[in-house]
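Commentary on secondary and tertiary structure
Single-letter residue listing:
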Amino acid sequence: MAKQNQILLTLALLISLLVSSAIGAAEKPRGVTYDSRSLIVNGNRELFFSGSIHYPRSPPEMWPDIIRKAKEGGINLVQTYVFWNIHEPIQGQFNFEGNYDIVKFIKEIGKQGLYVTLRIGPYIEAEWTSGGFPYWLREVKNITFRSYNEPFVYHMKKYAEKVIELMKKEKLFAPQGGPIILAQIENEYNNVQLAYKENGKKYIEWAANMAVGLYNGVPWIMCKQKDAPPSVINTCNGRHCGDTFTGTNGPNKPSLWTENWTAQYRTYGDPPAQRSAEDLAFSVARFFAKNGTLTNYYMYYGGTNFGRTSSSFVTTRYYDEAPIDEFGLMRDPKWSHLRDLHRALRLSRRALLWGTPTVQKINENLEITVYEKPGPDHMCAAFLTNNHTKLPSNITFRGAEYYLPEKSISILADCKTVVYNTQTVVSQHNSRNFVPSEKAKNLKWEIYQEKIPTIHDLALKNRDPLELYSLTKDKSDYAWYSTSINLDRRDLPMRPDILPVLQIASMGHALVAFVNGQYVGFGHGNNIEKSFVFRQPVILKPGINHITLLAETIGYPNSGAYMEKRFAGPRGVTLQGLMAGTLDITLNVWGHEVGVYGEKEQLFTEEGAKKVKWTSLAGPPPGPVTWLKTYFDAPEGTDPVALRMNKMQKGMMWVNGKSLGRYWASFLSPLGQPTQSEYHIPRAFLKPKNNLLVVFEETGGHPETIQIVTVNRDTICSMITEYHPPNVKYWERSGSKFRAVVEDLKAGAHLTCPDDNVIEKVEFASYGDPDGACGNFYIGNCTSPNSIKVAEKYCLGKHTCSVPVEREVFDEPNKDPCPNIFKTLAVQVKCVVPKKR
């Protein structure tokens, strides 16, 4: 009997363990689901603050630090595209190594405890050449991109299968224990759908079904796709999705924001693109106040378009105004103001995810949104909104009065306490500095001149100039075109003050023209109008005249319908002003060659550089189509490195054989400045000594002015008013309890140097009514004479410091120079590496 009891007890214990295990599994299911409120990951609701970080736009050595800084900024989800043309540059030949190792990138994100949204496209836009489509796809017979077209859907599915199978093999999807919780198919298709008529609608339905059929363990999304099929979720892209999003494509789907543009990418010729931290914060708070639970910053880290990867006319620097700039440095206050916003929303998390929303319109501009769940475990969070762009206001809520600056939202994490206001930046600011390197100065340049070919040197002949995209096949930015014409003395103008004019009608993007080996000029289009007409007077001679063009692309188009049918290059060439009038030489028989000699011989590598004879740069600046070479030692310290090119013209750059991308300093913005002057050299590209720097200059420049600089954000600032709320970090929530974690909740100027640096100098301080921005503050009409002294007392020699915003700290009551104004404190300090003892 005892033995039987023991068996029964053992069985009961086993059953209990199995039941407990089953209950545990039920409590913590693996995978991702959703409802109308939010995504549900492994059984848990969550607020998602996502950031776009693209693996090819930085070397793998930078990935861990960029992801770490994103996590410190409150990001818990990283979004990336998958770039078809880098992974399958030749049909059937795949590359997932080095800078293209997407598996390593995703695993690093997971290792740091973050999730991933995988946007497989395969069309990605992204200001990336061809929108991510490999060139070979363009030459598939009878293909129409992004349409229900048999050749296209065949290749698209084949590539999507490759990507999905790779992710599954590496167990990177959330149900497998990996970090991928969302996937996207296609991209902003509504922008072009009408152009494809019925085949557009059929295509989008096919794409959704194909994606879900390949893998249904995570939700699939389509951005800016109002009529998205029910198997996927329509999401919003834009700057203010809280007000512009028309809604999801079904009642049981969450509101997701896949692209919140942190500024604007730039094309050559553009002025600076900016978007304030305050405007970004307002847009995010507005979206979460209106039932949103996921926002993605596009971009969170901008990165660099190395090589020839940028699309038409897009700069080598990409989204530098992101919270983490091109060099991997945190741009404040954008990074820190958004970090504080994420913390404020997380303090409100339980009410946002489980509470019921109510909206009270006070008037045209004032609005109160409350998320509340009554009961013993009471939850409540409120958003107080002032939509007026010019005027602040006061608003009464539940018996208390709250001050709202213009165009701002205050977040009350317990429906009582303002923990954050979108317009009042309490976090620090910084300013970027470019410092000429001492170790990498006095560059000694050598040059090699490209030979200007004639038609006899170019093997590929055709009656008229060949179309440039299909000629280069995306192997080079460059192609030579040349023809010759025999002129009689009587064909030429008889007067010495009159010259014939060479006119070239080009479909883009740029060209350099030569007549009889002599440079004539440079012409180009722009991102709005890629076509242009080149017109320059030329010197012609009796007999044979050679007309040679170096035609150029600046990336392939990345957007719009029928991308496979775009064209570029010279189309009509005439000589005007001859004695017989205008002579059309378009059909004169042309020779062609893809690329330039130095490119083919790889003069930018150590081995390739040995193939030609270089000469020392002396005398006047070198002319067009010139290769320049020098060596330099890695700059001092650990700060990021850049190449300053603002006195050059246009071309490409390499360091130790690695392409830094295109530069174009001669294309000035309306402000009279180059759109981009500094170009990133990742430290990972450098050796301690003897780094080979090679530049190909297309039209001529001043290489003696090229500088190697280091980059820092060691100028840090704060600008705080008396009415600023305390920093959100002063509050915490534990379950349903919300409390302050410090006794003194007064606002102050809080400054923290990057890395382990310390404050060496107070460069500016004013307590009164200062104005300006970090790096460019100025004193207003009134300031305390003790401002500098007080800031030095609290900050000099410290890694971090806080300066109180209190009148008695700066002035005695009877000595206050302006007692009747609201006071502002602006402080700017310089951080340095601490001296070793």
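Please read all numbers here as calculations on a predicted model, not as lab measurements.

Scanning the model with the defined rule gives 50 aromatic pairs in all. Judged by centre distance (4.6 Å) and plane angle (10°), the rings of tryptophan 84 and tyrosine 159 are stacked. A residue pair is termed long-range when its members are at least 10 positions apart, and tryptophan 84 in helix H3 (residues 84-87) and tyrosine 159 in helix H6 (residues 150-169) qualify at 75 residues. Both residues of the pair, tryptophan 84 and tyrosine 159, count as buried. Ring geometry for phenylalanine 522 versus tryptophan 664: centroids 6.2 Å apart, planes at 75°, classification edge-to-face. Of this pair, phenylalanine 522 sits in strand S25 (residues 518-524) while tryptophan 664 is found in strand S35 (residues 658-664), placing the two residues 142 residues apart along the sequence. Put simply, the rings of Trp84, Tyr123, Phe133, Trp136, Phe145, Phe152, Tyr159, Tyr189, Tyr196, Tyr203, Trp206 and Tyr562 touch in pairs and so form one group of aromatic residues. Above the ring of tyrosine 318, the side-chain terminus of arginine 57 is found at 3.6 Å from the ring centroid. Directly above the aromatic system of tyrosine 123 lies the positively charged group of arginine 146, at a separation of 3.6 Å from the ring centroid.

Looking at where isoleucine 452 falls in the secondary structure, it is placed in the loop between strand S20 (446-449) and strand S21 (460-462). Given the relative accessible area of 18%, isoleucine 452 is considered buried. Separated by 75 residues in the primary sequence, isoleucine 452 and aspartate 377 place their C-alpha atoms 80 Å from one another. When neighbours within four sequence positions are excluded, isoleucine 452 is seen to be in contact with Trp480, Phe514, Gly517, Thr548 and Val625.

Before going further, it helps to spend a moment on the sheet that holds strand S7 (residues 180-185). One closed barrel accounts for eight strands, arranged S4-S5-S6-S7-S8-S9-S10-S11; its pairing is parallel. On average, adjacent strands in this sheet sit at an angle of 30° to one another, irrespective of strand direction. On the sheet, helix H4 (residues 102-111) packs against strand S5 (77-81), strand S6 (115-121) and S7 and is oriented at approximately 155° with respect to S6. Against the sheet, H6 engages S6, S7 and strand S8 (220-223), with an angle of about 160° to S6.

On to the side chain of glutamate 125. Along the chain, glutamate 125 falls in the loop between S6 and helix H5 (135-138). In this structure, glutamate 125 is buried with no salt-bridge partner, the nearest side chain bearing the opposite charge being arginine 146 at 6.3 Å. A distance of 3.3 Å separates a polar atom in the side chain of glutamate 125 from a polar atom in the side chain of tyrosine 123. Not counting residues up to four positions away in its chain, the partners in contact with glutamate 125 are Gly131, Asn187, Glu188, Asn558 and Ser559.

In regions of low pLDDT, the predicted coordinates are not meant to be interpreted in detail. Confidence in the prediction for the chain averages 94 pLDDT; 96% of positions are at 70 or higher. Note on residues 1-5: pLDDT under 50 across the span, and zero contacts to partners over four residues away in sequence or across chains. Segment residues 7-27: pLDDT under 50, and zero contacts once partners within four positions in sequence are set aside and those in other chains are kept.

This paragraph deals with the pattern of salt bridges. Considering all chains together, one arrives at 47 salt bridges under this definition. A salt bridge links arginine 495 to aspartate 497; the nearest nitrogen and oxygen atoms lie 2.7 Å apart. The closest approach of N and O atoms between lysine 611 and glutamate 601, which form a salt bridge, is 3.3 Å. Of this pair, lysine 611 sits in the loop between helix H14 (606-609) and strand S31 (615-616) while glutamate 601 sits in the loop between helix H13 (597-600) and H14, and the two are ten residues apart along the sequence. Under the relative-accessibility criterion, lysine 611 is labelled partly exposed at 49%. Classification of glutamate 601 by relative accessible area gives partly exposed; the value is 24%.

In this structure's numbering, the residues bearing the UniProt feature "domain: SUEL-type lectin" (unreviewed entry) are residues 749-832. Helix makes up 15% of residues 749-832 and strand 42%. Its end C-alpha atoms lie 19 Å apart.

Our focus in this paragraph is the packing of helix H9 (residues 277-289) against helix H10 (residues 334-347). Their axes nearest at 9 Å, the elements H9 and H10 cross at an angle of 20°. As far as their axial angle goes, H10 and H9 are roughly parallel. Seen from above, H9 lies across H10 with right-handed handedness. Packed against H9, whose contacting residues are Ala277, Glu278, Leu280, Ala281, Val284, Ala285 and Phe288, the element H10 presents Lys334, His337, Leu338, Leu341 and Leu345 at the interface. Per-class residue counts for the contact of H9 with H10 are nine nonpolar, one polar and two charged.

Parameters at a glance
- Residues numbered from 1 in each chain as written.
- Predicted model: local features only at pLDDT ≥ 70, side-chain atom pairs only at ≥ 80, totals over all residues.
- Heavy atoms only, no water.
- Phe/Tyr/Trp six-rings, centres within 6.5 Å; stacked < 30°, edge-to-face > 60°.
- Helix = DSSP H or I, 4+ residues; strand = E, 2+ residues; numbered from the N terminus.
- Buried < 20%, exposed > 50% of the residue type's maximum accessible area, 1.4 Å probe, protein only.
- Lys NZ or Arg CZ within 6 Å of the ring centre and 35° of its normal.
- Contact = heavy atoms within 4.5 Å.
- Pairing = 2+ DSSP bridges.
- Axes fitted to C-alpha atoms, helices over the stretch in contact; angles between N-to-C directions.
- Lys, Arg positive; Asp, Glu negative; His and termini not counted.
- Salt bridge = Lys/Arg side-chain N within 4 Å of Asp/Glu carboxyl O.
- Polar contact = N/O pair within 3.5 Å; in protein donor to acceptor, adjacent residues only side chain to side chain.
- pLDDT = per-residue confidence, 0-100.
- UniProt positions renumbered as here; feature names shortened; annotations may be inferred.
- Parallel < 35°, antiparallel > 145°, perpendicular 65-115°, else oblique.
- Left-handed = near helix turned anticlockwise from the far one by under 90°.
- Nonpolar A, V, L, I, M, F, W, Y, C, P; charged D, E, K, R; others polar.

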